[in-house]
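Observations on chain architecture
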Amino acid sequence: DGEQRFVELSGTADGDEMVLMLSDVTERRRGEQALARSEALYRTIVETSQAGICVLDTASLLVFANQRMSGLLDRSLGALIATSPLAFIHPKDRLRAAAQLADNSQGRSDVQDYRLLRADGEIVWVRLTSSPLYDRQGDVTAILVLIDDIDRRKRAELALARETRRGSAILA
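Residues numbered from 1 in each chain as written. Predicted model: local features only at pLDDT ≥ 70, side-chain atom pairs only at ≥ 80, totals over all residues. Heavy atoms only, no water.

This brings us to unusual backbone geometry. Of note, the phi angle at serine 60 is positive, near 60°, even though the residue is not glycine. On the accessibility criterion, serine 60 (14% relative accessible area) is buried. The phi dihedral of alanine 82 is positive, around 65°, even though this residue is not glycine. Here alanine 82 lies in the loop between helix H3 (77-80) and helix H4 (94-105). By relative accessible area, alanine 82 is classed as exposed at 55%. (Buried < 20%, exposed > 50% of the residue type's maximum accessible area, 1.4 Å probe, protein only. Helix = DSSP H or I, 4+ residues; strand = E, 2+ residues; numbered from the N terminus.)

We now examine the pairing of strand S3 (residues 52-56). Taken across its 5 residues, S3 has 5 buried, putting it largely inside the fold. Covered by surrounding structure in S3 are Gly52, Cys54 and Leu56 together with Ile53 and Val55, the residues of both alternating faces. With 5 bridges connecting them, S3 and strand S7 (residues 140-149) associate as antiparallel partners. Within S7, the position partnered with leucine 56 by the bridge is isoleucine 143. Bridge count for S3 against strand S4 (residues 62-65) is 3 bridges, and the pairing is antiparallel. Bridged to valine 55 within S4 is phenylalanine 64. Linking S3 to S4, which pair antiparallel, is a turn of 5 residues; within it serine 60 sits at a positive phi near 60°. (Pairing = 2+ DSSP bridges.)

As a further point, take the nonpolar core. Met69, Leu116, Val145 and Ile147 are the most contacted members of the largest nonpolar core, which has 20 residues in total. Elements with a minimum of two residues in this core: S3, S4, helix H2 (67-73), H4, strand S5 (110-117), strand S6 (123-134) and S7. Look past the residues within four positions of valine 145 in its chain and what remains in contact with it is Gly52, Ile53, Cys54, Leu56, Leu128, Thr129 and Ser130. (Core = buried A, V, L, I, M, F, W, Y, C linked by side-chain atoms within 4.5 Å. Contact = heavy atoms within 4.5 Å.)

Take the environment of alanine 65 next. By the secondary structure assignment, alanine 65 is in strand S4. The spatial distance from the C-alpha of alanine 65 to the C-alpha of valine 46 is 9.3 Å, given a sequence separation of 19 residues.

All right, on to the pattern of salt bridges then. Where charged atoms from two side chains of opposite charge approach closely, those side chains can pair. Evaluated as defined, the whole model comprises 18 salt bridges. A salt bridge links glutamate 3 to arginine 30; the nearest nitrogen and oxygen atoms lie 2.9 Å apart. Taken together, the residues glutamate 3 in the segment before strand S1 (7-14) and arginine 30 in helix H1 (residues 26-48) connect sequence positions 27 residues apart. Accessibility expressed as a relative area gives 40% for glutamate 3, which makes it partly exposed. A salt bridge links arginine 96 to aspartate 93; the shortest N-O distance between them is 3.5 Å. (Salt bridge = Lys/Arg side-chain N within 4 Å of Asp/Glu carboxyl O.)

The strand order S4-S3-S7-S6-S5 describes an open sheet built from 5 strands, whose pairing is antiparallel. Looking at the sheet topology across the chains shown, the edges are occupied by S4 and S5. Taking each pair of neighbouring strands and ignoring which way they run, the sheet shows an average axis angle of 30°. As paired strands, S6 and S7 are joined by 9 bridges and run antiparallel to one another. Bridge pairing in S7 links leucine 128 to isoleucine 147. Of the strands in this sheet, S3, S5, S6 and S7 are in contact with H4, which crosses S5 at around 140°. (Axes fitted to C-alpha atoms, helices over the stretch in contact; angles between N-to-C directions.)

What follows is the structure, given as structure tokens:
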């Protein structure tokens, strides 16, 4: 039928005789190619995402971070790996962030706003969405964290709240 097939050839020699074996590996090869395409797509999505993406191990240390995460914190990827994310959370937000990590370890997802500290000391507001990842037995094996930069919006909200309070004080 003209279909292309992938085969493996193996053989052994015994004196004057040679035995050759041809194995059809088409399905295996197609599966490998599909997996390679899927992995390439995944890498593209993660690396071009506007969200910071990181994965924490069961000790709550970063084991993966994308380039956007690196940019949000103004730190190299190498400086992030094997570090607790609490090191980058504003001191006034750390207890709440630690509680969120503990909840994730118990299988609960959460969304919270935090202040992150960039390498230069600048504060950036983010929305942090965290979800536990499970193995086949249902045990939490890691925590997936998505971080959206909400700095402009949050600063505008805070400025509006200050102006509203100021206006209320003048009218009082």
